[in-house]
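Close look at the chain arrangement
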Amino acid sequence: MKNSQMAGINEQLTMGYFRENVEKLKAYTPGFQPKQPGVIKLNTNENPYPPSPMVMQALSQIQPEQLRKYPDPHADAFRQAAAQVHSVKPENIMCTNGGDELLGMAVRAFCDENRPVAYPVPTYSLYPVLAEIQNCKAIEVPFDSEFNLPSALARTGAYLTIVCNPNAPSGSFISVGELSSLADEINGVLLIDEAYVDFAQENCLSLVKDFDNVIILRSLSKGYSLAGLRFGYAIADAGLIEGLMKLKDSYNVDAIAIALATAAIKDQPYFKENIEKIKKERSALTGQLRNIGFDVPDSSSNFILAEHKTCSAKEIYDKLVQENIYVRYWEIPGISNKLRITVGTKEQNEKLLEAISRILKSK
Ligand SMILES: Cc1ncc(COP(=O)(O)O)c(C=O)c1O
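Sequence order as written defines residue numbering, which begins from 1 separately in each chain. Per-residue local features are limited, in this predicted model, to residues with pLDDT of at least 70; the limit for side-chain atom pairs, both in listing and counting, is 80 or more; totals at the level of whole chains, interfaces and linings are taken over all residues. Hydrogens and water are ignored here; the side-chain numbers use all heavy atoms of the structure.

In the region of the ligand, the neighbouring residues are Gly98, Gly99, Asp100, Tyr124, Cys164, Asp193, Ala195, Tyr196, Ser219, Ser221, Lys222 and Arg230. Two N or O atoms form a polar contact when they lie within 3.5 Å of each other; inside protein one atom must be a possible hydrogen donor and the other a possible acceptor, and for residues adjacent in sequence the pair counts only when both atoms belong to side chains. Between the ligand and Asp193, the relevant distance is 2.6 Å, taken from a nitrogen atom to a side-chain nitrogen or oxygen of the residue. Between the ligand and Arg230 there is a distance of 2.7 Å, counted from an oxygen atom to a side-chain nitrogen or oxygen. Each accessible area value is a Shrake-Rupley result obtained with a 1.4 Å probe; residue values ignore everything except the protein chains displayed when judging cover. For the ligand, whose unbound accessible area comes to 400 Å², protein coverage reaches 92%. The nearness test applies per residue and asks whether one of its heavy atoms lies within 4 Å of the molecule or strand.

Quick look at the structure:
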């Protein structure tokens, strides 16, 4: 229909071009990215420290020729470097445009109208959106109040089960042994979303060697300070990787991203030092928030989930925004009185604590 004919016709009709589930879709809401200077941004779990100097050096060495040509469709330089770090083969790795691309690919690969996806809730709010887009049923199995793995998750009959570990937004961690049992019990694929695992005490990498139905998701956005680059990867049995490769865009990661991500993963000493700094700040922030009346469960991630004993999360959130401090708050059952706070630098965390203390005193 021409735009001129559209005048006066309601929006409902314009929407008619989309598939029914897309029309009904409530799109994923990314965390707010404030544009004004001087903001303390603790709302989207970015790493507060810069990427490795090797990354910036690799950026300065990008040649025009690398931009003129298409990139390596398999990003082999990265696959080789990551394979070395993880003691797997390059065939066990597939690079993606952020971990999010892998999640979308997995839902497309394993799910449809008759093949549901399952995951424990509350968790990463992108999963239901991907299910909706694919028009597959999402079986949401509630966590208990301590975020233990629900035993019912093993009995959903889903073709794809996703477990975010450490979980977002709780920061809780499920043991490798429990996830190994889950991989064994289910018939479908188990995708373990390890976007935040760099900040945890252990990871599920060993399950890739033991099971042909486990996909590990990794991201360079958090541990490697490269959220702006958009680079993630899957680690899985070579057969699963080969199958997933069929779904990807030919050149899903660009030449600059491949070069920079490879430089980042090769600089393990910088990465490890950075992670240790964040873990130290996480434990300091947790302790200080507990001292001023917050319940803060131990976190295995680079964020914490905090609930004040008397003051509402919404009130604290709104007042922090007035002070140019952004944390994350959702009106979602189970977490609606909690704030998810990304662990920042020592200075950022101190400013946050000063602001929260002021807010609590003013009540
Ligand atoms: C739980 C979880 N999984 C996966 C991702 C995807 O990360 P990215 O696409 O930045 O690699 C995120 C991003 O915030 C996340 O929170």
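What counts as a salt bridge is simple: a side-chain nitrogen of Lys or Arg found within 4 Å of a carboxyl oxygen of Asp or Glu. In this structure the tally under the stated criterion is 13 salt bridges. Between Glu20 and Lys24 there is a salt bridge; the shortest N-O distance is 3.1 Å. Of this pair, Glu20 and Lys24 both sit in helix 3 (residues 20-24), four residues apart, which is roughly one turn of that helix. On the accessibility criterion, Glu20 (57% relative accessible area) is exposed. Categorising residues by exposure relies on relative accessible area from a 1.4 Å probe, with only protein chains included: less than 20% of the type maximum marks a residue as buried, more than 50% marks it as exposed, and the intermediate range marks it as partly exposed. Using a relative accessible area of 58% as the deciding quantity, one classes Lys24 as exposed. Of the charged contacts in the structure, one is a salt bridge between Asp298 and Arg290, with a shortest N-O distance of 2.9 Å. For the purposes of this entry, the term helix denotes a DSSP run of H or I that reaches at least four residues, the term strand denotes a run of E that reaches at least two, and both are numbered from the N terminus.

Moving on to the side chain of Asn274. Considering the arrangement of structural elements, one finds Asn274 in helix 13 (residues 268-291). Note on contacts: a residue pair qualifies if any of its non-hydrogen atoms lie within 4.5 Å across the two residues. Sequence-distant contacts of Asn274, that is, excluding residues within four places in its chain, are made with Asn47, Tyr49, Pro50 and Ser225.

This part is about the environment of Leu229. With respect to the helices and strands, Leu229 occurs in the loop between strand 7 (214-219) and strand 8 (232-236). Note on Leu229: relative accessible area 18%, which makes it buried. Once the C-alpha coordinates of Leu229 and Thr29 are considered, the two residues, 200 residues apart in sequence, prove to be 20 Å apart. When sequence neighbours within four positions are dropped, the list of residues in contact with Leu229 reads Ala257, Leu260 and Ala261.

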